[in-house]
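Now for the letters of each chain:
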Amino acid sequence: MKYDVKDLGLAGAGKNRIEWADKDMPVLRLIRERFEKEKPLNGAKLAACLHVTSETANLMRTLKAGGAEVVLCASNPLSTQDDVAASLVKDYEIPVFAIKGEDDKTYYEHIHAALDFHPEITMDDGADLVSVLHTDRVDQVGDIIGGTEETTTGVIRLKSMAEQGVLRYPIIAVNDAQTKHFFDNRYGTGQSTLDGIMRATNILLAGRTLVVTGYGWCGRGVAMRAGGMGANVVVVEINPLKAIEAVMDGYRVMPSIEAAKIADIWVTVTGNLHVIDRAHFDAMKDGAIIANSGHFNVEINIAALEEMAESRREVRNFVEEFLMKDGRRIYLLADGRLVNLAAAEGHPASVMDMSFANQALAAELMLKEAKNLKKDVIGVPTDIDQEIARLKLASMGIDIDVLTEEQYKYLHSWEMGT
Ligand code: ADE
């Protein structure tokens, strides 16, 4: 079996962490038990480009239990958990190509290595696998029947491919399931981003001004959790609807250049380019901390910061100090990459349970339905979404009501008014 991981000797620790995460993934476990019996993915070759974490390991186990031949590469150079990668290879016989801290060249070599397995299904987080298939490996794209995509940034890229008519196979946007973005993006990113910032810096959030740029589901989660820990939260937005929502949620909203002057900690979660740029670096206070939790490391203009700084040095793991020409210091976390996965462990298993239940069921659906689907970005069917929510509630021991017949009729009629 071909693979490329840091050190197989780490497998023992990785297996413990995979099993620890599994305890909090009851929905995925139920799917795995069914997959073991029914083998709905029998013989399918699936290449996954995901963050290599203990939660992802449990998804890979589930797909393999369903009969798929799986291969895994990293969807970010800094998010790999090397012990988990080792255990997947050694204990679960799943080929993995991922090493934490790999350079960009190795990152892409690993994507190519996964494609060398000649998959028929792709599972992506950020659409790098799809992008490589549609550019460098077009000879293989005809072998692919369909794919799935995990994250907002990936869905945006894929929709732009579909609009331009270049997307060559159907892809299910797992991110757009309600049981994904309402929970993973909001509660997962909210908690894990602060976890990453705190593990990297050990700063107290209470009493600090924390700026969040982007008030999508991730930004809402970061703002909510930072406020809960006593930070004074400021939101920066370009969308008036999201901005008014942030105002009514109780946050101060202002232009980024104003926020730059008061930020103690600044988190970007926009999916866009250079949302912290030269003018902001010029305006920032001495000691300001900047971090990104959006998918790519493009949100902070690091090249500009480097150019503007007198010197740059690592002062703690995942903390770099940029000494500006006027003596101010700006601290960049995790090289502008996803701080929650680079400096912490990503979203907790309990929330990835629903995201990855969607992935497993989307892969099963794709295998059955690919020939009936358009070469487009497709939503997760509502019945799958609802079933995952139902199973998650059941796993928590929570019952809910059902409509009475009278209520059902009322909701489906129009005659009755005041
Ligand atoms: N994305 C965010 N957190 C994650 C995790 N724990 N595993 C995989 N992908 C993630």
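Residues numbered from 1 in each chain as written. Predicted model: local features only at pLDDT ≥ 70, side-chain atom pairs only at ≥ 80, totals over all residues. Heavy atoms only, no water.

Student: Help me understand the site of the ligand, please; the structure alone is not making it clear to me.
Tutor: Neighbouring residues of the ligand: His51, Thr53, Glu55, Thr56, Leu341, Glu345, Gly346, His347, Met352 and Phe356. Thr53 places a side-chain nitrogen or oxygen 2.7 Å from a nitrogen atom of the ligand. For the ligand, a nitrogen atom lies 2.9 Å from a polar atom in the side chain of Glu55. In the complex, 95% of the free accessible area of the ligand, which totals 260 Å², lies under the protein chains. Elements represented by at least two residues in the shell around the ligand include exactly helix 3 (54-65) and helix 16 (349-369). Along the lines of polarity and charge, the residues of the shell around the ligand split into three nonpolar, five polar and two charged. (Near = heavy atom within 4 Å. Polar contact = N/O pair within 3.5 Å; in protein donor to acceptor, adjacent residues only side chain to side chain. Areas by Shrake-Rupley, 256 points an atom, 1.4 Å probe, with all protein chains shown as cover. Helix = DSSP H or I, 4+ residues; strand = E, 2+ residues; numbered from the N terminus. Nonpolar A, V, L, I, M, F, W, Y, C, P; charged D, E, K, R; others polar.)

Student: Help me out: how do you make sense of the sheet that holds strand 10 (residues 265-268) in this one?
Tutor: In any sheet, the strands associate via hydrogen bonds between backbone groups, in a parallel or an antiparallel arrangement. Sheet architecture is open: eight strands sit in the order 9-8-7-10-11-14-13-12, paired in mixed fashion. Each of the sheet's edge strands pairs with one partner strand only, and the pair in question is strand 9 (252-253) and strand 12 (309-316). In terms of strand pairing, strand 11 (residues 288-292) meets strand 14 (residues 329-333) through three bridges, oriented parallel. For Ile290, the partnering residue across the bridge sits in strand 14 and is Leu332. Packed on one face of the sheet, helix 10 (residues 217-228) meets strand 7 (209-213), strand 8 (232-236) and strand 10 and runs near 170 degrees to strand 7. (Pairing = 2+ DSSP bridges. Contact = heavy atoms within 4.5 Å. Axes fitted to C-alpha atoms, helices over the stretch in contact; angles between N-to-C directions.)

Student: How should I be thinking about the state of the cysteines in this particular structure?
Tutor: Here is the idea: a disulfide is a covalent bond, and it sits between the sulfur atoms of two cysteines. Inspection of every chain in the model, using the stated rule, returns zero disulfides. Here Cys49 is not disulfide-linked; the sulfur of Cys73 is the nearest cysteine sulfur, at 3.9 Å. A residue is classified by how much of its surface remains accessible, and Cys49, at 0% relative accessible area, is buried. Cys49 supplies the cysteine sulfur nearest to Cys218, a cysteine that is in no disulfide, at a spacing of 18 Å. (Disulfide = S-S within 2.5 Å. Buried < 20%, exposed > 50% of the residue type's maximum accessible area, 1.4 Å probe, protein only.)

Student: Just checking my understanding: could you explain the packing of helix 2 (residues 26-38) against helix 17 (residues 382-395) for this structure?
Tutor: How two helices pack is summed up by the angle between their axes together with the distance between the axes. Following both chains from N to C, one finds helix 2 and helix 17 inclined at 110 degrees, their axes separated by 9 Å at the closest point. Here helix 2 lies roughly perpendicular to helix 17, going by the angle between them. Our pair here, helix 2 against helix 17, has a crossing hand that is right-handed. Contact with helix 2, carried on its side by Pro26, Val27 and Leu30, involves Ile388, Leu391, Lys392 and Ser395 of helix 17 and no other residues of that element. (Parallel < 35°, antiparallel > 145°, perpendicular 65-115°, else oblique. Left-handed = near helix turned anticlockwise from the far one by under 90°.)

Student: It is not clear to me how the pattern of salt bridges should be interpreted in this structure. Could you clarify?
Tutor: When charged atoms on two side chains of opposite charge get close, those side chains can pair. Applying the stated rule across the entire model yields 26 salt bridges. For Asp264, the salt bridge identified is with Lys285, shortest N-O distance 2.9 Å. Here Lys285 lies in the loop between helix 13 (278-283) and strand 11 and Asp264 lies in the loop between helix 12 (256-262) and strand 10, a separation of 21 residues in the sequence. A salt bridge links Glu321 to Arg313, with the nearest nitrogen and oxygen atoms 3.0 Å apart. Residue class for Arg313 comes out partly exposed when judged on its relative accessible area of 49%. (Salt bridge = Lys/Arg side-chain N within 4 Å of Asp/Glu carboxyl O.)

Student: Would you mind going over the UniProt feature "binding site: substrate" (unreviewed entry) in the protein with me for this structure?
Tutor: When the UniProt feature table is mapped onto this chain numbering, "binding site: substrate" (unreviewed entry) sits at Thr53, Asp125, Glu150, Lys180 and Asp184. Its location among the elements puts Lys180 in helix 9 (residues 178-201). You can call Lys180 buried: its relative accessible area is 2%. Separated by 3.1 Å, the side chains of Lys180 and Asn175 make a polar contact. (UniProt positions renumbered as here; feature names shortened; annotations may be inferred.)

Student: Got a minute to help me understand helix 17 in this structure?
Tutor: One turn of an α-helix holds 3.6 residues; hence residues three or four places apart share an orientation. With 14 residues, helix 17 should cover 20 Å at 1.5 Å per step; its first-to-last C-alpha distance of 20 Å lies within 8% of that length. Of the surrounding elements, those touching the buried residues of helix 17 are helix 2, helix 9 and helix 16. Backbone geometry just after helix 17 places Gly397 at a positive phi near 75 degrees. (Expected span 1.5 Å × (residues − 1).)

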